[in-house]
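# An overview of the molecular structure
Here are the chains, one letter per residue:
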Amino acid sequence: MFRKVLVANRGEIAMRILNACRELGVRTVAVYSEADRNALHVRFADEAICIGPPRAADSYLNVPAVISAAEIADVEAIHPGYGLLSENANFAEVCRASNIKFIGPPPEITRLMGEKEKARQAMKKAKVPILPGSDGVLMTAEEALERGQKVGYPVILKAKAGGGGRGMRIVREPEDLPNLFHAAFTEAANAFGNGELYMEKFIENPRHIEFQVLADEHGNVASLFERECSIQRRHQKLIEEAPSLQVTPKLREELGRMLCHCMREIGYQNAGTVEFLMDAKHQLYFIEMNTRIQVEHPVTEAVTGVDIVKAQLRIASGEKLDAILPPKLEMRGHSIECRINAEHPQKFTPSAGQITAFNVPGGNGVRVDTAQYAEGVIPPYYDSLIAKLITHGVDRAEAIAKMERALGQFIVQGIETSISLHQAIFQDADFRAGEFDTGFMERFLAAQAERAEAEKQPA
């Protein structure tokens, strides 16, 4: 095991990694921006180094500053968490050149999975189902029109180097394609420095399902089953759960076996998540792979008993999976996670500022991952996530009951939060029945707006 690890992140995931390291007896080094000088990850790390001004581009995304901190602190490894530098293949290469272990896959694999069309082809080769679409990038709108005719409308244009919903456009009619193609290209070029696009068949209101995998550096791979992530707004996940009500034991086993084969074939290492869309016939289609720890990993930890962050550290230090995982992986009960964000629950506008009161729920089957506290400050420079609230029950009904109780006991004052939005979602009959898809939030918010408008009308 490593002697000392630098955590190249902030917020709750930085605290999560620090906790795993502490339990494994590994010393830690936190890096922080000037805006995070009083953050908990700075307080609880063994060492802390300021790497720049508040803007992420000047601090957390500043590769020379992060590497300099790692060299000054004489660390053996860097854990990137999620977001920021976690899927930056160039950063992983710099770590390798600096003789610092990057806790994640090799840069070549990160780059392969980051280029969406190459990732599609790798999955197709392993017989993992993929959506019909273009065979490569589309160079012009005219080429996209020709391909769209073959695939059949509606189609979706996606950025080759994209993520987070940027560089994506749904095209329902051929005449709309040229303008949407140019809009997607421009957005992708501005966001990623690469405007190349590819095309997929668009599935109306699918379910979003992802599989967690772990792979060691000796060719061993394991599937830790699936998570349901269909409750999302503008491609940003709000609620996740495990297992999915729509994945049968047979499908879970078959797809897990395919993914393990694929990960061995491409030489994958460490933790990763393979994401799928499910159509009305319960057919899954690969869309992308995230080569890092996911925000929603705690629901998988709850139902499998596997500490995924500790597994990442142990894999990166050279251990084999059979020494890390239980002899037989199986799911126990049901788990749900709510992302508690610093934003207005109806307008979804960010709400930076100082927290004046902070109380987190507890009790059997309730977990809170956070880096916030009373009198803590939510800076305006970073992601709005305050905390992740996770519950675990013997079944989905118990997990929901625990979540409703926990949401009622979660107090954050001084800023706006999404707590009341989550409470309203958990009262929705369709959500409680498991009858939802990626279009749920659009319908839910429209219904809420209609009710609010009706309440304004005089009796």
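Residues numbered from 1 in each chain as written. Predicted model: local features only at pLDDT ≥ 70, side-chain atom pairs only at ≥ 80, totals over all residues. Heavy atoms only, no water.

Labelled according to an unreviewed UniProt entry, the protein chain appears under the name Biotin carboxylase, originating from Candidatus Sulfuritelmatomonas gaucii. UniProt annotates the protein chain under Subunit (unreviewed entry) with the comment "Acetyl-CoA carboxylase is a heterohexamer of biotin carboxyl carrier protein, biotin carboxylase and the two subunits of carboxyl transferase in a 2:2 complex." Per UniProt, the comment on the protein chain under Catalytic activity (unreviewed entry) is "N(6)-biotinyl-L-lysyl-[protein] + hydrogencarbonate + ATP = N(6)-carboxybiotinyl-L-lysyl-[protein] + ADP + phosphate + H(+)". (UniProt positions renumbered as here; feature names shortened; annotations may be inferred.)

As a further point, take the pattern of salt bridges. Overall, the coordinates contain 38 salt bridges when judged by the stated rule. Here Glu301 makes a salt bridge to Arg367, at a shortest N to O gap of 2.9 Å. Here the residue Glu301 occupies a position in helix 10 (residues 297-304), and Arg367 occupies one in strand 17 (residues 366-370), the gap between them amounting to 66 residues. By sharing partners, the salt bridges in this structure join Glu210, Arg227, Lys237, Glu240, Glu275, Glu296 and Arg339 into a single network. (Salt bridge = Lys/Arg side-chain N within 4 Å of Asp/Glu carboxyl O. Helix = DSSP H or I, 4+ residues; strand = E, 2+ residues; numbered from the N terminus.)

So, on to the packing of helix 7 (residues 141-151) against helix 8 (residues 177-192). Remark: helix 7 packs on helix 8, axes separated minimally by 9 Å, with the N-to-C direction vectors making an angle of 120°. Here helix 8 runs oblique to helix 7, going by the angle between their axes. Handedness of the crossing formed by helix 7 with helix 8: right-handed. Along its contact with helix 7, which presents Ala141, Ala144 and Leu145, the element helix 8 presents Leu177, Pro178, Phe181 and His182. Here the residues of the contact of helix 7 with helix 8 are counted per class, giving 6 nonpolar, 1 polar and no charged. (Axes fitted to C-alpha atoms, helices over the stretch in contact; angles between N-to-C directions. Parallel < 35°, antiparallel > 145°, perpendicular 65-115°, else oblique. Left-handed = near helix turned anticlockwise from the far one by under 90°. Contact = heavy atoms within 4.5 Å. Nonpolar A, V, L, I, M, F, W, Y, C, P; charged D, E, K, R; others polar.)

Another point: the domain arrangement of the protein chain. Under the domain assignment used here, the protein chain contains domain 1 (4-103), domain 2 (141-201) and domain 3 (207-449). One C-alpha centre belongs to domain 2, the other to domain 3, and the line joining them spans 28 Å. Contacts between the two partners involve 6 residues from domain 2 and, on the opposite side, 4 residues from domain 3. Inspection of the region where domain 2 meets domain 3 yields 0 salt bridges. Taken together, the residues of the side of domain 2 that touches domain 3 sort by class into 2 nonpolar, 2 polar and 2 charged. (Domains from an automatic or database assignment.)

Of all hydrophobic cores here, the largest spans 37 residues; its most connected members are Phe2, Val5, Ile103, Leu214, Leu224, Leu325 and Leu329. Those elements that provide at least two residues to this core are strand 1 (4-7), helix 1 (11-23), strand 10 (221-233), helix 11 (308-316) and helix 12 (321-324). At 7 residues, the largest contribution of residues to this core is made by helix 1. Three or more residues apiece are contributed to this core by two domains, here domain 1 (4-103) and domain 3 (207-449). What Leu329 contacts, discounting residues up to four positions off in sequence, is Ala222, Ser223, Leu224, Phe225 and Val306. Counting 32 residues, the second largest nonpolar core, distinct from the first, contains Ile378, Met403, Ala406 and Phe426. (Core = buried A, V, L, I, M, F, W, Y, C linked by side-chain atoms within 4.5 Å. Buried < 20%, exposed > 50% of the residue type's maximum accessible area, 1.4 Å probe, protein only.)

Turning to the side chain of Lys388, a few remarks are in order. Its location among the elements puts Lys388 in strand 19 (residues 385-393). Here Lys388 falls in the buried class, since its relative accessible area comes to 0%. Within polar-contact distance, the side chain of Lys388 engages the side chain of Glu12 at 3.1 Å. At 2.7 Å, the side chain of Lys388 and the backbone oxygen of Val295 are in polar contact. Aside from chain neighbours lying at most four places away, what touches Lys388 is Glu12, Val295, His297, Pro298, Glu337, Cys338, Arg367, Val368 and Asp369. (Polar contact = N/O pair within 3.5 Å; in protein donor to acceptor, adjacent residues only side chain to side chain.)

Another aspect to go through is the packing of helix 3 (residues 63-73) against helix 4 (residues 89-97). As a packed pair, helix 3 and helix 4 sit with axes 11 Å apart at the nearest point and diverge in direction by 30°. Judged by the inter-axis angle, helix 3 sits roughly parallel to helix 4. Note on packing geometry: the crossing formed by helix 3 with helix 4 is right-handed. In contact with Val63, Val66 and Ile67 of helix 3, helix 4 contributes Phe91, Val94 and Cys95. The class makeup of the residues in the contact of helix 3 with helix 4 is 6 nonpolar, no polar and no charged.

With antiparallel pairing, the 8 strands of this open sheet are ordered in space as 13-12-9-10-11-14-19-17. Because the sheet does not close on itself, it has two edges, and the strands there are strand 13 (284-290) and strand 17. If you compare each strand with its neighbour and ignore which way they point, the axes differ by 25° on average. Where strand 12 (residues 270-278) lies against strand 13, 6 bridges are found, and the strand directions are antiparallel. Each bridged residue has a counterpart across the sheet, and for Met278 the counterpart in strand 13 is Leu284. (Pairing = 2+ DSSP bridges.)

All right, on to the packing of aromatic side chains then. Taken as a whole and judged by the stated rule, the model has 11 aromatic pairs. Ring centres 5.6 Å apart and planes at 80° place the aromatic pair Tyr60 and Tyr382 in the edge-to-face group. Linking Tyr60 in the loop between strand 3 (47-52) and helix 3 with Tyr382 in the loop between strand 18 (377-378) and strand 19, this pair joins segments that are 322 residues apart in sequence. Its relative accessible area of 2% is what places Tyr60 among the buried residues. (Phe/Tyr/Trp six-rings, centres within 6.5 Å; stacked < 30°, edge-to-face > 60°.)

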